[in-house]
Amino acid sequence: MSNLAIETCGLTYHFGNQKVVDDLSLKVPKGSIYGFLGPNGAGKTTTIKILLNLLKSPYDTVFIFGKEINANRIASLKKIGALVEQPAIYAHLTGKENLINRCILLGVTREKVKDMLSLVGLTDAADKKAGNYSLGMKQRLGIALALLADAELLLLDEPTNGLDPNGIIEIRNLMSELSLKHNKTILVSSHLLHEIEKVATHVGILNKGKLLFQGTINELQTFNTPVVEIQTDNREATAAFLSSLGYVVSNINEDTIQLPFQSTAETGKINTLLIQHGFTVYSIHFVKKDLERLFLDITKTN
Amino acid sequence: MHALLISLQSEFYKSRKTLAFWASILLPLCLCSLVTAAFYFKSEKILAQLYSPPVLWMNYIGSILGIMGSLILPFYVIFMAFSVNNIEHKNDTWKSLFAQPLNKFSIYAAKYIYAVLLIFICLFLFFALSLAFGNLLHILNNGYKFNDYSPLDFLSRIYTRLFLSSLGILSVQFIISLIWSDFLKPMGIGFIGLIAGIIAVTRGWEYACFIPYSHATMVISARKEGVAGQIFTQEIYASLIYAAVLFLAGYFIVIKKSVK
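Residues numbered from 1 in each chain as written. Chains lettered and ligands numbered in written order. Predicted model: local features only at pLDDT ≥ 70, side-chain atom pairs only at ≥ 80, totals over all residues. Heavy atoms only, no water.

## Concerning the sheet that holds strand β11 (residues 202-207) of chain A
Residues and elements named next belong to chain A. What the six strands build is an open sheet, ordered β8-β9-β10-β5-β11-β12; its pairing is mixed. Whereas interior strands pair on both sides, the edge strands pair on one side only; in this sheet they are β8 (80-83) and β12 (210-216). Along the sheet, successive strands turn relative to each other by an average axial angle of 15°, direction set aside. Here four bridges tie strand β5 (residues 33-37) to β11, and the two strands are oriented parallel to one another. Counted as the bridge partner of Y34 is H202 from β11. Packing against the sheet, helix α6 (residues 165-180) makes contact with β5, β9 (153-157) and β10 (185-190), and its axis sits at approximately 155° to β10. (Pairing = 2+ DSSP bridges. Helix = DSSP H or I, 4+ residues; strand = E, 2+ residues; numbered from the N terminus. Axes fitted to C-alpha atoms, helices over the stretch in contact; angles between N-to-C directions. Contact = heavy atoms within 4.5 Å.)

## Concerning the environment of N161 of chain A
All names here are of chain A. Along the polypeptide, N161 turns up in the loop between β9 and α6. Since its relative accessible area comes to 33%, N161 is described here as partly exposed. N161 has contacts with Q86, L135 and Q139, leaving out every residue within four places of it along the chain. (Buried < 20%, exposed > 50% of the residue type's maximum accessible area, 1.4 Å probe, protein only.)

## A look at the sheet that holds strand β15 (residues 257-260) of chain A
All names here are of chain A. If you trace the four strands from one edge of the open sheet to the other, you get β14-β15-β13-β16, paired in antiparallel fashion. Looking at the sheet topology across the chains shown, the edges are occupied by β14 (251-252) and β16 (281-287). Pairing of strand β13 (residues 227-232) with β15 involves four bridges; the strand directions are antiparallel. Opposite V227, over in β15, you have P260 as the bridge partner. Running over the sheet, helix α9 (residues 235-244) touches β13, β14 and β15 and is turned about 25° from β15. In this fold helix α10 (residues 264-276) packs onto β13, β15 and β16, with an angle of close to 165° to the strand it touches most, β16.

## Details of empty space enclosed by the protein
Counting across every chain of the model gives five cavities of 30 Å³ or more. Listing elements by their share of the lining of the largest cavity, those giving two or more residues are α3 (95-106) of chain A together with α5 (94-98) of chain B. Per-element accounting of the lining of the largest cavity gives the leading share, four residues, to α3 of chain A. Of the residues that constitute the lining of the largest cavity, the class distribution is five nonpolar, five polar and one charged. In this model, the second largest cavity occupies a volume close to 50 Å³. In terms of lining, the second largest cavity is formed by P159, T160, I168, R172, M175, V188, S189, S190, E195 and I196 of chain A. Of all elements in the fold, only α6, β10 and α7 (193-196) of chain A reach the threshold of two or more residues within the lining of the second largest cavity. Split by residue class, the lining of the second largest cavity holds five nonpolar, three polar and two charged. (1 Å grid on protein atoms, 1.4 Å probe; cavity = no way out; pocket = protein on both sides within 12 Å on 5 of 7 lines; lining within 4 Å. Points joined across faces, edges and corners; volume = space filled by probe spheres on them. Nonpolar A, V, L, I, M, F, W, Y, C, P; charged D, E, K, R; others polar.)

## So, the domain arrangement of chain A
Domain parsing of chain A yields domain 1 (4-222) and domain 2 (227-301). Taken together, the contact between domain 1 of chain A and domain 2 of chain A spans 15 residues of the former and seven residues of the latter. (Domains from an automatic or database assignment.)

## With respect to unusual backbone geometry
One non-glycine residue, N183 of chain A, adopts positive backbone phi at about 55°. Mapped onto the secondary structure, N183 of chain A falls in the loop between α6 and β10. One non-glycine residue, D92 of chain B, lies in the positive phi region at around 55°. Looking at where D92 of chain B falls in the secondary structure, it is placed in the loop between α4 (53-91) and α5.

## Considering the interface of chain A and chain B
Contacts between the two partners involve 29 residues from chain A and, on the opposite side, 28 residues from chain B. When the two sides are added together, the surface that chain A and chain B hide from each other amounts to roughly 2600 Å², 58% of it contributed by carbon and sulfur. Across the contact surface, chain A and chain B share three salt bridges. Among the salt bridges present, the one from E85 of chain A reaches K95 of chain B, with a minimum N-O distance of 3.6 Å. Taken together, the connections running from chain A to chain B amount to eleven residue pairs in polar contact (both at pLDDT 80 or more). In terms of residue count, the dominant contributor to the side of chain A that touches chain B is α3 of chain A (seven residues). Taken together, the residues of the side of chain A that touches chain B break down into 17 nonpolar, four polar and eight charged. (Buried area = accessible area lost by both parts, 1.4 Å probe. Salt bridge = Lys/Arg side-chain N within 4 Å of Asp/Glu carboxyl O. Polar contact = N/O pair within 3.5 Å; in protein donor to acceptor, adjacent residues only side chain to side chain.)

## A closer look at α6 of chain A
Residue and element names in this part refer to chain A. The first and last C-alpha atoms of α6 sit 23 Å apart over 16 residues, in line with the 22 Å expected at 1.5 Å per residue. Listed as buried for α6 are G167, I168, I171, R172, L174, M175, L178 and S179. Down the axis of α6, the buried set is contained in an arc of 160°. They therefore lie on one face. In α6, the exposed residues that point more than 90 degrees away from the buried face are P165, N166 and L180. Against the buried residues of α6 lie β5, α4 (111-119), α5 (135-147), β9, β10 and α7. (Expected span 1.5 Å × (residues − 1). Arc of directions from axis to C-beta.)

## Quick notes on α9 of chain A
All names here are of chain A. Here α9 has its buried residues at T238, A239, F241 and L242. Relative to the axis of α9, the buried residues are bounded by an arc of 165° and lie together on one face. Considering only its buried residues, α9 is in contact with β13, β14, β15 and α10. You can read the cap of α9 off the contacts: a side-chain oxygen lies 3.5 Å from the backbone nitrogen of E236, and it is on N234. One or two positions beyond α9, positive phi appears at G246, with a value near 95°.

In structure tokens form, the structure reads like this:
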């Protein structure tokens with residue numbers, strides 16, 4: 001029995017001549033919160049649409065809970081709750097009516113509507129036309145619609161889009177709760193790593209349709225090689241001096257230069273050398289790139 | 001079957017606040033009320049004609065049918081087919097609809113059946129209100145002898161024929177509205193088709209029955225020519241064939257449709 005909620009095997013998808021998903025092999029473990037990251041246009045939404053069978057994938061490339069999606073479309077969709085792009089909401093119906101309509105389609109009791117409205121903080125706006133909702137409110141309603149079926153797998157495409165900081169924190173907490181307490185598997189896409197690094201257990205980084213990294217959030221951290229950042233009175237001369245001694249200057253920024261970190265003793269030695277040769281050292285310290293920078297580096301270099 | 005029923009229930013639920021739904025009730029109510037009011041306020045002039053009860057009924061029903069059959073019904077069908085599909089285009093909800101654990105045939109068929117039911121409701125109300133308001137006229141003005149003749153047989157035949165004749169237009173417009181999300185294409189094509197249909201019938205073109213937009217006008221013309229006794233005539237068969245073929249074609253469009 002596979003331990004994967006989602007598995008794609010060498011999935012490739014074209015829009016006309018344009019390849020939008022390129023040999024994608026996603027592995028989303030059951031019970032994980034999988035941060036599906038990539039810049040705008042990377043192919044995240046297309047992948048989510050393929051996972052929902054809205055876009056037809058080649059046979060034997062997409063598996064939901066171990067079952068091939070084309071052959072088991074309805075059984076797979078029964079296990080999925082989704083929010084894709086802008087929430088799909090009937091503007092002429094109220095928020096509550098949108099949820100009731102979905103209850104009808106899913107054969108779910110209407111009792112759940114009240115709970116969902118309360119969960120996403122829309123109880124007071126329940127009887128307001130959804131067309132008059134703000135973007136954040138629409139997003140909340142979209143999330144409520146995705147949660148209504150109590151599905152095992154949630155596909156959330158940029159769920160915090162349009163939400164204020166409080167809303168973002170609430171959604172983040174909600175995802176943690178759904179995963180920890182209710183053992184849901186969540187695939188959440190975003191173009192901002194910092195938004196989901198706090199909740200994600202696994203990460204996949206996509207760029208131009210290709211998966212550049214896939215693993216746990218800790219594995220992503222191991223990619224993150226630390227550096228020594230030095231600020232002196234003469235940046236260029238310092239870089240030239242250290243290079244002449246055989247040090248590799250990896251980066252020259254506006255005020256600082258960076259070298260790969262070797263050890264604290266080595267950092268101390270560099271400091272001593274600089275002072276002995278007449279440089280004024282304003283600061284010298286160990287820096288670990290934040291994940292956001294790492295994400296940008298990975299997507300830029302590829 | 002369960003998927004079809006819940007899809008149909010959902011169609012009613014989400015469309016119950018739209019103009020397409022209310023038009024199926026308001027059109028017969030308004031038109032029948034207007035014709036009845038005209039008969040009530042112009043009773044002296046009409047009674048002076050000394051119509052026999054059957055002729056009186058035919059005049060009364062004809063006033064409704066003349067406007068409704070060749071203009072209001074086809075326009076309503078064109079608009080309603082647009083509205084039933086546009087509710088998904090406008091709100092970008094095709095993706096959420098097809099992401100539900102329901103087979104695509106049920107989703108598509110429920111939309112089509114809903115459209116057919118709206119036409120049925122509209123025509124049934126025309127039928128029922130014509131009968132009820134005719135009898136009401138008799139109560140309001142004893143001079144009218146609507147009670148001396150029952151037009152039930154004629155009314156049920158003509159409205160059954162109108163219902164069947166509208167299925168061809170519905171199917172053409174349904175596919176057009178399914179493919180294109182904008183307002184102009186379905187309405188433009190429908191309008192041109194309707195004009196062509198009316199011209200083909202009024203000019204007596206022998207192949208008019210091949211134009212689905214001409215079927216309702218042909219049914220109305222047949223009434224005038226006194227051959228409305230038969231339900232299944234050439235134009236009705238043509239309409240049903242169009243409906244069946246295009247219904248299936250629409251389904252193949254839906255299953256091939258990618259929600260980009």
